[in-house]
Amino acid sequence: MPYCLTLLPGDGIGPEVTGAALTVLKATGVKIVWDKALAGQRAIERYADPLPPETIKLLKKNKVALKGPIGTPIAKGFGSVNVLMRKKLNLYANLRPIRSLRGIRTKYQNIDLIVVRENTESLYSGIEHEVAPGVVESIKVITEKASLRIAEFSFQYAKKEKRKKVTAIHKANIMKLSDGLFLSCAQRVAKRFPKIIYNEMIVDNACMQLVTRPQQFDILLLENLYGDIVSDLCAGLVGGLGVVPGANIGEDAAIFEAVHGSAPDIAGKGIANPIAMILTAAMMLKYLGETKRAQAIEQAVNNITGDREVLTPDLGGSSSTRQVANAVSRQVKKYL
Ligand code: ATP
């Protein structure tokens, strides 16, 4: 039986990089029937709604989706469709594996860490108002329920993947109540996993430690905003936004999307790096239980980056999105 999954091509470079991921998925031989759905700019043009009910219905029906990035207007316009989608489907855990790839020249080697970001609350609650002219408030919401749930996810993931350490990142010295609650929940969960080392770090120090000694980290557990910022920092450690995959996971559904955004500056030029999206597709296969095919993609990507012959400009090459997708697809077949 083929898998029936939802495809959201997204905005900007989304259609290019999801197209590349589909080429590679096809090369693995996995049978997938795709239901294509619209969100973001294209959905506004067609339905006057950035997240139409049809799209939510499809996402709920198929439970697993591959999604390209959807842009969010800055300081005006509609709110983030990405955030709304995560809230509507209760995709509370954002998982971003940060791994060094062969051949990618960065200041660091042998990075292998996982960012686990709480996806539903904190300053992303979207509660902002003007108290008086020239004075605005933005409310940070932290709940015991969501904090326990994301801590539990981190430790369960650590156990399943045989990881050694979870570091909770916070600013509880300043936000004593909100980040204090987040920390106390992490501590409660950590007690039930005595074999996994648990420690805590203040977010500013964590950023400094990440750029000086990133190898000390294993799993990073963060609330929403710190998770967003630290994810991009971590992407920089291993070669940039073009190479880091991601997943949003809930109890009943999962949406797989790369860390990067819609990159309007390079959209339509055929030069977007598809590796992040290709590795995201591998994460999706792993989630579906297709471990061998997922590993084949990961090995193929490492061969391509290691050879350095077919790379997009962000990694110092001169190849196109399509050429990278085709080269990875050829390699994938060797590992199946
Ligand atoms: P959005 O509003 O959707 O978040 P953005 O441009 O603010 O878009 P990103 O899309 O994450 O944020 O891009 C940040 C920078 O990284 C841009 O210069 C972009 O070109 C670059 N970038 C992001 N993704 C890729 C990619 N896959 N390949 C090459 N460059 C990328």
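Each remark here, short or long, concerns the structure printed above.
Visitor: Could you clarify how one ought to interpret unusual backbone geometry in this entry?
Guide: Backbone phi values are negative for most residues with the exception of glycine, while trans is the configuration of most peptide bonds. Its identity as a non-glycine residue notwithstanding, serine 122 has a phi of 65°, on the positive side. Note that serine 122 resides in the loop between strand E5 (112-118) and strand E6 (128-132). We classify serine 122 as buried; its relative accessible area is 0%.

Visitor: Help me understand the packing of helix H9 (residues 275-287) against helix H10 (residues 291-307), please; the structure alone is not making it clear to me.
Guide: Two quantities define a packed helix pair, namely the angle between the helix axes and the distance between the axes. Viewed as axis vectors pointing N to C, H9 and H10 meet at an angle of 160°, and their least axial separation amounts to 7 Å. By the angle between their axes, H9 is roughly antiparallel relative to H10. Viewed along their axes, H9 and H10 form a crossing whose handedness is left-handed. Counted together, Ile275, Ile278, Leu279, Ala282, Leu285 and Lys286 of H9 and Thr291, Arg293, Ala294, Ile297, Glu298, Val301 and Thr305 of H10 form the full contact between these two elements. Of the residues belonging to the contact of H9 with H10, the class tally is eight nonpolar, two polar and three charged.

Visitor: Hey, could you run me through the pattern of salt bridges in this one?
Guide: Two side chains bearing opposite charge may form a pair once their charged atoms approach each other closely. Applying the stated criterion across every chain yields a total of 15 salt bridges. A salt bridge links lysine 140 to glutamate 223; the shortest N-O distance between them is 2.9 Å. Of this pair, lysine 140 sits in the loop between strand E7 (135-138) and helix H5 (144-160) while glutamate 223 sits in the loop between strand E10 (219-222) and helix H8 (224-237), placing them 83 residues apart in sequence. Each of the two residues, lysine 140 as well as glutamate 223, counts as buried. Here the residues in one salt-bridge network are Arg99, Asp112, Arg163 and Asp218, joined through shared partners.

Visitor: Would you explain the packing of helix H1 (residues 14-28) against H9 in this entry?
Guide: The interhelical angle for the contact between H1 and H9, taken along N-to-C directions, is 50°, at an axis separation of 8 Å. With respect to each other, H1 and H9 are oriented oblique. Relative to H9, H1 is oriented so that their crossing is right-handed. Across the interface between the two elements, Val17, Thr18, Ala20, Ala21, Val24, Leu25 and Thr28 from H1 touch Met277, Ile278, Ala281, Met284 and Leu285 from H9. Taken together, the residues of the contact of H1 with H9 sort by class into 10 nonpolar, two polar and no charged.

Visitor: Is there a simple way to think about the sheet that holds strand E11 (residues 247-249) in this case?
Guide: In sheet architecture, strand pairing relies on hydrogen bonds along the backbone and comes in two forms, parallel and antiparallel. Ordered in space as E2-E1-E3-E12-E11-E4-E5-E10-E8-E9, the 10 strands form an open sheet in which the pairing is mixed. Unpaired on one side and paired on the other, strand E2 (32-36) and strand E9 (197-202) mark the two borders of the sheet. Sheet twist, expressed as the mean angle between neighbouring strand axes with direction ignored, is 25°. Relative to strand E12 (residues 254-256), E11 runs antiparallel, the two sharing three bridges. Within E12, the residue paired with alanine 247 across the bridge is phenylalanine 256. Packed on one face of the sheet, helix H4 (residues 81-88) meets strand E1 (3-8), strand E3 (64-67), strand E4 (93-99), E5, E11 and E12 and runs near 175° to E3. Strands E4, E5, strand E8 (165-170), E9, E10 and E11 of the sheet are contacted by H5, whose axis makes an angle of about 160° with E5.

Visitor: Just checking my understanding: could you explain the nonpolar core for this structure?
Guide: Core analysis: the biggest nonpolar cluster contains 89 residues, and Leu25, Leu113, Leu220, Cys234, Met284, Ile297 and Val328 have the highest contact counts within it. The leading source of residues in this core is H9, at 10 residues. Beyond its immediate sequence surroundings of up to four residues, isoleucine 297 is in contact with Val24, Leu25, Thr28, Ile278, Ala282, Leu285 and Val332. In terms of nonpolar packing, the next biggest core, distinct from the first, is built from 15 residues, Leu8, Ala65, Ile70 and Leu91 among them.

Visitor: How should I be thinking about the packing of aromatic side chains in this particular structure?
Guide: Each aromatic ring pair is characterised by the separation of its centres together with the angle its planes make. The tally for this structure, following the rule as stated, stands at five aromatic pairs. Members of the aromatic cluster, joined through ring pairs, are Tyr92, Phe153 and Tyr157. Directly above the aromatic system of tyrosine 124 lies the positively charged group of arginine 117, at a separation of 5.2 Å from the ring centroid.

Visitor: What is the right way to look at the environment of glycine 40 in this model?
Guide: Within the secondary structure, glycine 40 is located in the loop between E2 and helix H2 (41-47). Linking glycine 40 and threonine 55, residues 15 residues apart in sequence, is a C-alpha distance of 11 Å. Not counting residues within four places of it along the chain, the set of residues in contact with glycine 40 comprises Asp11, Pro50, Ile70 and Val81.

Visitor: Looking at this structure, how should I read the site of the ligand?
Guide: What surrounds the ligand is a group of 14 residues, the closest being Gly261, Ser262, Ala263, Asp265 and Asn273. At a separation of 2.8 Å, an oxygen atom of the ligand approaches a polar backbone atom of glycine 261. Between the ligand and asparagine 273 there is a distance of 2.9 Å, counted from a nitrogen atom to a backbone nitrogen or oxygen. Contact with the protein chains removes 66% of the 610 Å² of surface that the ligand exposes when unbound. Residues belonging to the shell around the ligand are distributed by class as follows: six nonpolar, six polar and two charged.

Visitor: I'm lost on the side chain of asparagine 273 in this one. Help?
Guide: Residue placement: asparagine 273 occurs in the loop between E12 and H9. Within the structure, the side chain of asparagine 273 is placed 3.4 Å from the backbone oxygen of glycine 242, a separation counted as a polar contact. There is a polar contact of 3.0 Å between the side chain of asparagine 273 and the side chain of aspartate 314. Not counting the four nearest positions on each side in its chain, asparagine 273 is found in contact with Val17, Gly242, Val243, Thr312, Asp314 and Leu315.

What counts, and at which threshold
- Residues numbered from 1 in each chain as written.
- Predicted model: local features only at pLDDT ≥ 70, side-chain atom pairs only at ≥ 80, totals over all residues.
- Heavy atoms only, no water.
- Helix = DSSP H or I, 4+ residues; strand = E, 2+ residues; numbered from the N terminus.
- Buried < 20%, exposed > 50% of the residue type's maximum accessible area, 1.4 Å probe, protein only.
- Axes fitted to C-alpha atoms, helices over the stretch in contact; angles between N-to-C directions.
- Parallel < 35°, antiparallel > 145°, perpendicular 65-115°, else oblique.
- Left-handed = near helix turned anticlockwise from the far one by under 90°.
- Contact = heavy atoms within 4.5 Å.
- Nonpolar A, V, L, I, M, F, W, Y, C, P; charged D, E, K, R; others polar.
- Salt bridge = Lys/Arg side-chain N within 4 Å of Asp/Glu carboxyl O.
- Pairing = 2+ DSSP bridges.
- Core = buried A, V, L, I, M, F, W, Y, C linked by side-chain atoms within 4.5 Å.
- Phe/Tyr/Trp six-rings, centres within 6.5 Å; stacked < 30°, edge-to-face > 60°.
- Lys NZ or Arg CZ within 6 Å of the ring centre and 35° of its normal.
- Near = heavy atom within 4 Å.
- Polar contact = N/O pair within 3.5 Å; in protein donor to acceptor, adjacent residues only side chain to side chain.
- Areas by Shrake-Rupley, 256 points an atom, 1.4 Å probe, with all protein chains shown as cover.

In short, geometric facts, not functional conclusions.
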